[in-house]
Amino acid sequence: MIIRTLRNPQDLETVRACWEEWQNHPNNDFEHFKLVCQLRREVISPYVTAMECDGRPRALLVGRLERTQFVPSIGYFKPARIPAKVLTVLHEGLLGRVDEEICKMYVWHLWSLLASGEADAVVFHKLSEDSPLLRALQSYGPRLWCEKRLVWYAHWQTVLSGEEGLLMKNMKPKHRALIRKKQRSLESVFRGKVTWRWVSRVDDVPRLCARLEEVAAGTYQRGLESGFMDNEEHRQRYALFASRGQLRAQLLEIDGRVRAFDIGIVYNDIFFGAETGYNPDLREFAPGTLVMLRMVDELVQEGVRKVDWGLGDADYKQQFGDQSWREATVRLFAPTAKGIALRTSMGLFSTIDSFGRGLVQKIGILHRLKTGWRRRLTHTKPSGR
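Residues numbered from 1 in each chain as written. Predicted model: local features only at pLDDT ≥ 70, side-chain atom pairs only at ≥ 80, totals over all residues. Heavy atoms only, no water.

Enquirer: Would you explain empty space enclosed by the protein in this entry?
Expert: Rolled over the atoms, a probe sized like a water molecule indicates the empty space that remains. Evaluation of the coordinates by the stated rule reveals 1 cavity of 30 Å³ or more. Of the voids in this model, the largest cavity is the one considered here, and its volume is about 30 Å³. Lining the largest cavity are Ala216, Thr219, Gln221, Arg222, Ser226, Gly227, Phe228, Phe261, Thr276 and Gly277. Taken together, the elements giving at least two residues each to the lining of the largest cavity come down to helix H9 (220–223) and strand E10 (270–278). (1 Å grid on protein atoms, 1.4 Å probe; cavity = no way out; pocket = protein on both sides within 12 Å on 5 of 7 lines; lining within 4 Å. Points joined across faces, edges and corners; volume = space filled by probe spheres on them. Helix = DSSP H or I, 4+ residues; strand = E, 2+ residues; numbered from the N terminus.)

Written out as structure tokens, the structure reads:
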């Protein structure tokens, strides 16, 4: 068994056949990965580690070497941005025939990279609790330099039974009646102006992105500098999946303008949610929920097997999801002065954040604080972009 590091597009082509056989998620799609490496200015190079036996790849660990920033947070508050050179291992970035021995070799390889000073940290995005890579980090990683206090998040999916109206039928009668009342109210207030548009074929991605931007610019996600943004990266990434017939979007239009949307990618008969947003002036009508319900019905008609609600543990994911598992981001720091500084600062802010979350949850105001902060962010202009 040997380890080979692939750091340029030509090297990636040598494992393309195996990679495309193993890819199972938009994140680890071969063409999508190459495109992101080209588009993001912070990317220094791909960093894909191939574990090979008898000259053939047995496993791939997919990552990017980046000049980026560590942004510790306390809730939505981000008190600092610390420049660092980081190897980012993708969510779902472990591909192939993986066992404990291979994962142990990966941990030792990445530790040698950090010890050489080539990177300040390795960040493993959202490893599931049963990941062999997580077990290897906990068993064989250097304890002093590997993050110990993990923050767990639930990842939710919904299995689609092929029955239209599935989510509505799974609601409690009182909630179902409320949602129907909100839809009637919306269509009454904007009589004759409401259109529900399902987009399963996109011929003009720039136009779609421009229409979504009208909504996204006013969302709380924009205040956090996250979510959808009409930029070159989103246009090209969406164009890639649209060219394969994999891009889907559910739109709520009022008087011809998009006022709410849900967009994502159908991959291996699973819908992976990408971004969502709605005009905050329509909040009383629950437009996000209405759009989501129609989207799921359209996916059922297409024969999609599951909806993957993506990262995070929002209330609606808990309400409508019927499968879940825990995930955590794990960081491995370099044995250098910079690594020590990063390890200390991230640990400090993580402790404060955990304490604060526990306190506000105990006194029962967590949901109220999150809602209030998000509403405040809808009136905050994004900085720097």
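Enquirer: How should I be thinking about the packing of aromatic side chains in this particular structure?
Expert: Here the distance between the centres and the angle between the planes together describe a pair of aromatic rings. Evaluation of the coordinates by the stated rule reveals 6 aromatic pairs. Taking 5.4 Å as the distance between ring centres and 45° as the angle between the ring planes, the aromatic pair formed by Trp19 and Phe33 counts as tilted. On the criterion of sequence distance, the pair formed by Trp19 in helix H2 (residues 16–22) and Phe33 in helix H3 (residues 30–39) is long-range, its members being 14 residues apart. This pair shows no difference in class: Trp19 is buried, exactly as Phe33 is. An angle of 70° between the planes, with centres 6.2 Å apart, marks the rings of Phe190 and Phe285 as edge-to-face. Note that Phe190 is positioned in the loop between helix H7 (173–189) and strand E7 (194–199) and Phe285 in the loop between E10 and helix H11 (287–302), a separation of 95 residues in sequence. Judged by relative accessible area, Phe285 falls into the buried class, the value being 5%. Grouped by ring-pair contacts, the aromatic residues Trp19, Phe30 and Phe33 constitute a single cluster. Here the basic side chain of Lys104 rests over the ring of Tyr140, its NZ or CZ set 5.1 Å away from the ring centre. It is Arg326 that lies over the ring of Trp152; its NZ or CZ is 4.3 Å from the centre. (Phe/Tyr/Trp six-rings, centres within 6.5 Å; stacked < 30°, edge-to-face > 60°. Buried < 20%, exposed > 50% of the residue type's maximum accessible area, 1.4 Å probe, protein only. Lys NZ or Arg CZ within 6 Å of the ring centre and 35° of its normal.)

Enquirer: What is the right way to look at the layout of surface pockets in this model?
Expert: By volume, the second largest pocket is sized at about 370 Å³. Lining the second largest pocket are 21 residues, with Glu92, Leu94, Ser128, Ser131 and Pro132 sitting closest to its centre. Looking at the lining of the second largest pocket, the elements that each hand over two or more residues are strand E4 (82–96), strand E5 (121–128) and helix H5 (132–140). When residues in the lining of the second largest pocket are grouped by element, the largest group, 8 residues, is from E4. Across the lining of the second largest pocket, the residue classes tally to 10 nonpolar, 7 polar and 4 charged. (Nonpolar A, V, L, I, M, F, W, Y, C, P; charged D, E, K, R; others polar.)

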